[in-house]
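So you can see what is in the structure, the chains are spelled out below.
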Amino acid sequence: MSIGAKAVASNCLRWSIPDRSNEPGSRQVSIRFLEWHPVAPVTRVTVRAIRSAHSFLMTCGIRPLGRLSRIAISFLIMQAAASAAMADGDGRPSWRERCPGASQWVEANSEQGDEAMKARDAKRQLTRPDWLQELQTRVDTEQAARRALFTENFSRASKNAVWKADADNYRWMTDVFAENGLFTAAQVGEYGLHLTWLLVHHADEHRQFQKISLGEFRKRYEAGEVNAQDLARLSDRVAVRFGQPQPYGSQNNWAKGGIDAQDIPDLARIEANRKALGLMSLADYGCMMNAVRGKPDQ
């Protein structure tokens, strides 16, 4: 098996690692439904690596049967072949090298990462560790369902599994929130609130629920229990769902390019909002996201 195909196999096996963020803070590399983790290494994907990766997928019985399936397979190949290209010595600089401003921000704000949150939570006496475990189980389940979309070629069963996971999570959260309200760090820790954010973020069938939850997340942010990145992403998600301007500009098609490739008429306002919240500039964020999601020849 060629280096490119081996890289695909390695990446497929590593899909067991859940991805719970679309901003840096964790050094893990994984795949989320149509969304790349921004700390994944980006390299120039060689034709040979892509062909090897595609051959491996076909050998494993993953066949692009339609346009959507081909898109999904292309995303998978891009991620796997990137590692292969680096191994072949035909790589481009990593996102950290391409986007020094974003890299500096990540290093300077490492306290917002998963491990930092867990370290702080370890010093807490959580009052509802059972809820934290439930959150982790539900996130693991919905992430596994989203990964299966790729491995099962976007089959009806895999799409139904994602829908069921999101629906189950929505019902569970509404039941718990009705009696308890949004969790607190004292109950489930900062990391537990981060997991909660992901479940709310994926409750796109219930935009009013997302909007109400956003108000509660703002309170937790003001209490120092939710990080700025999660607050900004959910704020933008809700704004998009209600047809409103994004306050922080995170929800864009970064695959086609950085901020220069986006239709952002109010960039000055967004940059001011991001600065006020302590986020990296949208220029740096766009550079980082495009470095991960962009085409290899960009």
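Quick caveat, the model's predicted, so the values are computed rather than measured. (Residues numbered from 1 in each chain as written. Predicted model: local features only at pLDDT ≥ 70, side-chain atom pairs only at ≥ 80, totals over all residues. Heavy atoms only, no water.)

Asks: I would appreciate a short explanation of helix 9 (residues 185-201) in the present structure.
Replies: Each full turn of the α-helix corresponds to 3.6 residues, which orients residues three or four apart in the same direction. For helix 9, with 17 residues, the first-to-last C-alpha span of 18 Å runs short of the 24 Å given by 1.5 Å per residue. Helix 9 sits mainly inside the fold: 16 of its 17 residues count as buried. (Helix = DSSP H or I, 4+ residues; strand = E, 2+ residues; numbered from the N terminus. Expected span 1.5 Å × (residues − 1). Buried < 20%, exposed > 50% of the residue type's maximum accessible area, 1.4 Å probe, protein only.)

Asks: It is not clear to me how the packing of helix 10 (residues 207-222) against helix 11 (residues 228-241) should be interpreted in this structure. Could you clarify?
Replies: Pairs of packed helices are described in terms of their axes, by the angle between the two and the distance that separates them. The N-to-C vectors of helix 10 and helix 11 enclose an angle of 155°; their axes lie 10 Å apart at closest approach. Between helix 10 and helix 11, the angle falls in the class roughly antiparallel. Crossing handedness for the pair helix 10 and helix 11: left-handed. Listed contacts from helix 11 to Arg207, Gln210, Lys211, Leu214, Phe217, Arg218 and Tyr221 of helix 10 are Ala228, Leu231, Leu234, Ser235, Arg237, Val238 and Arg241. Partitioned by chemical class, the residues of the contact of helix 10 with helix 11 number seven nonpolar, two polar and five charged. (Axes fitted to C-alpha atoms, helices over the stretch in contact; angles between N-to-C directions. Parallel < 35°, antiparallel > 145°, perpendicular 65-115°, else oblique. Left-handed = near helix turned anticlockwise from the far one by under 90°. Contact = heavy atoms within 4.5 Å. Nonpolar A, V, L, I, M, F, W, Y, C, P; charged D, E, K, R; others polar.)

Asks: Could you clarify how one ought to interpret the pattern of salt bridges in this entry?
Replies: A pair can form between side chains of opposite charge whenever their charged atoms are brought close. For the structure shown, the criterion picks out 16 salt bridges. For Arg171, the salt bridge goes to Asp168, with nearest N and O atoms at 2.3 Å. With Arg171 and Asp168 both in helix 8 (residues 156-180) and three residues apart, the pair spans about one turn of that helix. Classification of Arg171 by relative accessible area gives partly exposed; the value is 45%. Relative accessible area serves as the criterion here: at 24%, Asp168 is assigned to the partly exposed category. Ionic pairing is found between Asp204 and Arg237, a salt bridge with its closest N-O pair at 2.8 Å. Placement of the pair is Asp204 in the loop between helix 9 and helix 10 and Arg237 in helix 11, with a sequence separation of 33 residues. Through salt bridges with shared partners, a single network forms among Arg120, Asp121, Arg124 and Glu190. (Salt bridge = Lys/Arg side-chain N within 4 Å of Asp/Glu carboxyl O.)

Asks: Would you take a moment to explain the state of the cysteines for this structure?
Replies: Among covalent bonds in proteins, the disulfide is the one between the sulfur atoms of two cysteines. One pass over the structure, following the stated rule, counts one disulfide. Paired through a disulfide, Cys99 and Cys287 show a sulfur-sulfur distance of 2.1 Å. Its S-S torsion of approximately -85° makes the covalent link between Cys99 and Cys287 left-handed. Taken as a pair, Cys99 in the loop between helix 4 (95-98) and helix 5 (100-108) and Cys287 in helix 13 (residues 282-293) lie far apart in primary sequence, 188 residues in all. The class of Cys99 is buried, set by a relative accessible area of 2%. (Disulfide = S-S within 2.5 Å.)

Asks: Help me understand the packing of aromatic side chains, please; the structure alone is not making it clear to me.
Replies: A ring pair, where both rings are aromatic, is described by two values, the distance of the centres and the angle of the planes. Tallying each qualifying case throughout the model produces seven aromatic pairs. Seen from their ring centres, Phe150 and Phe154 are 5.8 Å apart, and the 85° between their planes marks the pair as edge-to-face. Comparing Phe150 with Phe154, the two get one shared label, buried. Taking the centre distance of 5.8 Å and the plane angle of 80° together, the rings of Trp254 and Tyr285 count as edge-to-face. Here Trp254, found in the loop between helix 11 and helix 12 (267-277), pairs with Tyr285, found in helix 13; they are 31 residues apart in sequence, far enough to count as distant. As far as burial versus exposure is concerned, Trp254 and Tyr285 are alike and both buried. Among the aromatic residues, ring-to-ring pairing joins Trp131, Tyr170, Trp172, Phe177, Phe183 and Phe209 into one connected group. Positioned over the ring face of Trp131 is Arg128, at 3.8 Å from the centre of the ring. (Phe/Tyr/Trp six-rings, centres within 6.5 Å; stacked < 30°, edge-to-face > 60°. Lys NZ or Arg CZ within 6 Å of the ring centre and 35° of its normal.)

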